[in-house]
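# Coordinate analysis (summary)
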Amino acid sequence: MKAGDFAAFSGSHGVSGTATLIDSKTIRVSSFKHDGSAPGLDLRVGLSTKSRANFVVIRILGRQSFQGGTFDLTLTEPLDLNAFDVFTVWCYEFRTIIAEGKFRRP
């Protein structure tokens, strides 16, 4: 993967948005929406061949709502651009995928 690759995602609880690789250490989440009804969400990345429960959590959102927000996520070790190809919005209360998208070229 490289800068500019993106993953569009949408799912239950009004979750939608786009995750874009800005550089080797930054993912920008834009137009992020969540109605606040899911009990506990986090944002995570990993390889599509792996269990989402074992993906690396890069931000915990909890139950807050978003109406089209934009924010940057900083990738820390051991994450590099070869460590993931999927962006997932995960409900940690029920251990299930709320929304996800696979990174692809623009």
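Our structure is the block above this text.
Just so it is clear, the model here is predicted, and its values are computed rather than measured.

Calculation rules
- Residues numbered from 1 in each chain as written.
- Predicted model: local features only at pLDDT ≥ 70, side-chain atom pairs only at ≥ 80, totals over all residues.
- Heavy atoms only, no water.
- Helix = DSSP H or I, 4+ residues; strand = E, 2+ residues; numbered from the N terminus.
- Rg over C-alpha atoms; globule rule 2.2 N^0.38 Å.
- Buried < 20%, exposed > 50% of the residue type's maximum accessible area, 1.4 Å probe, protein only.
- Patch = residues over 30% accessible without salt bridge, like charges linked within 9 Å, V, L, I, M, F, W, Y side chains within 5 Å.
- Areas by Shrake-Rupley, 256 points an atom, 1.4 Å probe, with all protein chains shown as cover.
- Salt bridge = Lys/Arg side-chain N within 4 Å of Asp/Glu carboxyl O.
- Pairing = 2+ DSSP bridges.
- Axes fitted to C-alpha atoms, helices over the stretch in contact; angles between N-to-C directions.

### Some details on the overall build of the chain
What the chain contains, in helices and strands, is zero helices and eight strands. Listed N to C, the secondary structure of the chain is β-β-β-β-β-β-β-β in terms of helices and strands. Against the compact-globule benchmark of 13 Å for 106 residues, the chain has a radius of gyration of 12 Å, which places it among compact chains. Principal-axis analysis of the C-alpha atoms places the extent of the chain at approximately 35 × 25 × 20 Å. Within the span of the chain, comprising 106 residues, buried residues form 42% of the whole.

### Digging into a nonpolar patch on the surface
On the surface, a cluster of nonpolar side chains totalling about 270 Å² of accessible area is made up of V57, I60 and Y92. Within the fold, V57 resides in strand 5 (residues 56-62).

### Let's talk about the sheet that holds strand 7 (residues 86-91)
Within the open sheet, the four strands sit side by side as 5-4-7-8. Their pairing is antiparallel. Both edges of this open sheet fall to strand 5 and strand 8 (96-102), since each of them pairs with a single strand only. When strand polarity is set aside, the average angle formed by the axes of neighbouring strands in this sheet is 20°.

### Some words on the pairing of strand 7
The buried count for strand 7 comes to six of six residues, which makes it a mostly enclosed element. Judged by which residues are buried, strand 7 turns out to be covered on both faces: V86, T88 and W90 on one side and F87, V89 and C91 on the other are all buried. With six bridges joining them, strand 4 (residues 41-46) and strand 7 adopt antiparallel strand pairing. Its bridge partner being in strand 7, D42 is matched across the sheet by W90. By the bridge criterion, six bridges tie strand 7 to strand 8 in an arrangement that is antiparallel. Across the sheet, the residue bridging to W90 is I97, located in strand 8. Where strand 7 folds back on strand 8, the antiparallel hairpin that results is connected by four residues, among which R95 adopts a positive phi of roughly 50°.

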